[in-house]
Amino acid sequence: GYSVAVLSTQSSIYFVAGAPRSNYTGRVVVYDVDSDGNIAIVQSQRGEQIGSYFGSVVCSVDVNRDSVTDVLLVGAPMFMNDLKKEEGRVYMFSITKGILDQQELLEGPQGSENARFGSAITTLADIDLDGFNDVVVGSPLENQNSGAIYIYNGFQKTIRTKYSQKILGSDSAFGRRLQFFGRSVDGHRDLDDDDVTDVSVGADGNVVLLWSRGIANVSIIASFKPEKISLLNKNTEITVKICFQATFRPTKRNNQVAITYNATLDADLQSSRVTSRGLFKENNERYMQRDLVVRHEENCVHDIFSVQEPSDAVNSLSLRIDIGLANVNAQTGTGPVLDIYSPASVAYSIPFIKDCGEDELCFCDLVLNVQRKADDGKQQFVVSSKNRRLTFTVKLRNKKENAYNTRIQATFSDNLFFASLTLLSDGTEVSCQTGTAQSTVTCQISYPVFRTAQQVSFDISFDFNLKNLQNVAVLSFHALSESKEEQELDNQVILSIPLRYDAEIHFTRLANINFYEVYSGNNIPSTVNNFEDIGPTFNFSVKVTTGSIPVKMASVKIYLPEFTSKDNPLMYITEVVTNQARGVTCQALINPLQIGKRPYSASFTKENFRAFKELSCKDVKCSTISCKLEDLMLKGEYFVNVSTRIWNGTFAALTFQTLQLSAEATIDTHNPELFIIGENTLTIPVTIMKPDEKAEIPVGVVIGSILAGLLLLLVLVAILWKLGFFKRQYEKMTQDIEDVDEITELTKDKD
């Protein structure tokens, strides 16, 4: 309760409390209170450094002003940097259904002194009038205890991590050097009735009121006459018309802003040529600077520059225009300031007249084809640390006239970033460069001209941003050129790839025994006074190992065989041990009979389990151990250690020879639609043998044996008959009878 905040979702309200000294690292706890006033812990987020005072300040922010909390800011003002200075940190958590999800850091001081950045945090009521609430953070020990504050602007459903303004307590505008400026901050009201929220800042013995200034968004449009540079004349003059127009926030003011603009020839947004191909006529220089007052109405200026026999007549000549506040506005601190998120620089290109026939009009027909490489036919792409790259084969063909300044622009979702380009062996030059938004990449194709019937193939790869997990990757490829395109339908390819992430959770187990023997004649005590009277110890550990994919939460369930159908006890839970400091908690019914505290009279019923090879939860009643794993770290190891006893009396009374008693464990993530686990089920077996149990011979086996013997006898008789055994014996017997008769006749004759 050191600090508190409220999280609002579309259907619920949650409460956040900071505990900066909890377990030395500090933590914030999210609570849910139901309609009956029952309080339940939804989530607990721990700090990452001992003594950082994580949770001393919490601030919930509804960025887009829809009454739903978008982010939670948590201060850790005593966080030490590598130089052992209390630099401080501010953590930003996105909110998903009341759960603290993605984590980022606000950029703060980068010095070698104590700052205690994050000692004070508060929401500003849309200080820049862009429709999104903003944030101010105090850093009271920065700049030798003079202090500072940082302003961060909201955008859509988050806070930009880069501060838009930093104000020091040593600023000369205060008249004297303040102490501990930024120890407290507030910014919810307009104090001077100018329709802009103002900021109050606490310092040692002072409260400083900072009047906010309006915002001016200056747009710049340049046009050229003629629109292209001709090489027919040695000295070509181009008239450039630069128009400025401003919009202001708040809009009801009749505002104006004094700016200074600089125009530079042969320069784009990234670089400028060493020697310019064009010079302004007024000063014979490549640069032109002017001061100008810009209002709601368009204000235009005209300048002339000349191009004289350029050494490079293929690449376009660029004009860069940079704007900034005029010195009079910057020094007096009056009037609006320029919107830092609108472009302060623009660049325009003036092309040379191209070789496209007599009409100087090029009509090309670019045909774009994009295929995902190594597509195995599966609808979903499973992302893992070893499979985190998407590669596409891009093919472009020009079916008609030359295409100048041909390029392929790829726009991709923010869970991807551009990785590499691989050229295929067709000799065409391709170069790719990411845009300023980091979500686009533009590839120049055979610059400056992509000729008729020319074609190019290359591979472009994107890696997954594992700090931004989404269930789909969206990419749009668009083929563009300065030539006119007759058929634009085949210039664009949009791909949407469903994603799931391999949680890279490895689920293993280790047991103290694999088998044991029990005898019917064992002396089984009828009264159980301690765990030893139950039977042998069966201890096992379930190990959860995380990988490189950020999974915040997981749940483990362990099912233990408890009773047979006749309520004979099987396993008895004596202890469950976890590392609660690492966010592992379990719920289980441990020692329900209070054995060791009071005697228990045990009785066992005879049952015949000869027909069973295994006793699992499919066959018997089971008890459940439910575990929650929170704040999972990358490449971490987490254990659930379970101690049980096997009831000797039950297995002494059962009829069996060998039986496998099997427990089971399962694991799942907090978001199974996004994450998959390869092997999420474990079997934890122990084999029980009963050596003194006599094997029964079934009646069917006896009858079958008799029938088999008779059949074998008949077969042997048939074989002997076939071999003539009985025939030879019969002939011998007949000969013997004839000999006897002959002897008898001779005897009669003698008589």
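- The name given to the protein in an unreviewed UniProt entry is ITA2 protein, with the source organism recorded as Syrrhaptes paradoxus.
- The UniProt entry for the protein carries the following text under Sequence similarities (unreviewed entry): "Belongs to the integrin alpha chain family."
- As stated in UniProt under Subcellular location (unreviewed entry), the record for the protein gives "Membrane".

1. Points about the sheet that holds strand S7 (residues 89-96)
Then, number 1: Overall, antiparallel pairing links the four strands, which are arranged S5-S6-S7-S8 in an open sheet. In the strand order of this sheet, the two ends are held by strand S5 (57-61) and strand S8 (99-105), each with one partner. Each strand axis lies, on average, 25° off the axis of its neighbour in the sheet, ignoring direction.
Then, number 2: Pairing between S7 and S8: five bridges, direction antiparallel. Its bridge partner being in S8, Met92 is matched across the sheet by Glu104.

2. Things to note about the layout of surface pockets
Then, number 1: Taken as a whole, the second largest pocket holds about 1400 Å³ of empty space.
Then, number 2: Lining the second largest pocket are 36 residues, with Asp268, Gln270, Ser318, Ser349 and Gln444 positioned closest to its centre.
Then, number 3: Of all the secondary structure elements, the ones that give two or more residues to the lining of the second largest pocket are strand S18 (215-225), strand S26 (345-350), strand S32 (407-412), strand S34 (430-434) and strand S35 (440-445).
Then, number 4: Here the lining of the second largest pocket is built from residues that sort into ten nonpolar, 18 polar and eight charged.

3. Topic: the domain arrangement of the protein
Then, number 1: Domain annotation of the protein identifies domain 1 (3-212), domain 2 (216-350), domain 3 (363-501) and domain 4 (506-689).
Then, number 2: Of note, the centres of domain 1 and domain 3, computed from C-alpha atoms alone, are 41 Å apart.

4. Remarks on the nonpolar core
Then, number 1: Phe462, Phe477 and Phe651 are the most contacted members of the largest nonpolar core, which has 85 residues in total.
Then, number 2: Composition of this core by domain shows at least three residues from each of domain 3 (363-501) and domain 4 (506-689).
Then, number 3: By size, the runner-up hydrophobic cluster in this structure holds 32 residues, among which are Ile229, Val301, Phe305 and Leu319.

5. A look at the pattern of salt bridges
Then, number 1: For the structure on display, the rule yields 18 salt bridges.
Then, number 2: Between Arg89 and Glu48 there is a salt bridge, and its shortest N-O distance comes to 2.7 Å. On the criterion of sequence distance, the pair formed by Arg89 in strand S7 and Glu48 in the loop between strand S4 (39-46) and S5 is long-range, its members being 41 residues apart.
Then, number 3: On the basis of relative accessibility, which here comes to 25%, the residue Arg89 falls in the partly exposed class.
Then, number 4: Between Asp204 and Arg183 there is a salt bridge whose closest N-O contact spans 3.7 Å. A residue pair is termed long-range when its members are at least 10 positions apart, and Asp204 in the loop between strand S16 (199-203) and strand S17 (206-210) and Arg183 in the loop between strand S14 (165-168) and strand S15 (184-186) qualify at 21 residues.
Then, number 5: Note on Arg183: relative accessible area 43%, which makes it partly exposed.

6. Let's talk about the state of the cysteines
Then, number 1: Taken as a whole, this structure holds four disulfides when the rule is applied.
Then, number 2: Each sulfur in the disulfide pair Cys243 and Cys300 lies 2.0 Å from the other. Taking the sign of the S-S torsion, 105° for the link of Cys243 and Cys300, the bridge is right-handed. With Cys243 in strand S19 (residues 235-249) and Cys300 in strand S23 (residues 299-308), the pair connects residues that are 57 residues apart, well separated along the chain.

7. Some details on the pairing of strand S38 (residues 472-480)
Then, number 1: Examined bridge by bridge, S32 and S38 share six bridges and lie antiparallel to one another. Its bridge partner being in S38, Phe412 is matched across the sheet by Leu475.
Then, number 2: Of the strand pairs in this sheet, S38 and strand S40 (residues 492-502) are connected by seven bridges, and their pairing is antiparallel. Considered in S40, the bridge of Ser476 is made with Ile494.

Analysis parameters
Residues numbered from 1 in each chain as written. Predicted model: local features only at pLDDT ≥ 70, side-chain atom pairs only at ≥ 80, totals over all residues. Heavy atoms only, no water. UniProt positions renumbered as here; feature names shortened; annotations may be inferred. Pairing = 2+ DSSP bridges. Helix = DSSP H or I, 4+ residues; strand = E, 2+ residues; numbered from the N terminus. Axes fitted to C-alpha atoms, helices over the stretch in contact; angles between N-to-C directions. 1 Å grid on protein atoms, 1.4 Å probe; cavity = no way out; pocket = protein on both sides within 12 Å on 5 of 7 lines; lining within 4 Å. Points joined across faces, edges and corners; volume = space filled by probe spheres on them. Nonpolar A, V, L, I, M, F, W, Y, C, P; charged D, E, K, R; others polar. Domains from an automatic or database assignment. Core = buried A, V, L, I, M, F, W, Y, C linked by side-chain atoms within 4.5 Å. Buried < 20%, exposed > 50% of the residue type's maximum accessible area, 1.4 Å probe, protein only. Salt bridge = Lys/Arg side-chain N within 4 Å of Asp/Glu carboxyl O. Disulfide = S-S within 2.5 Å.

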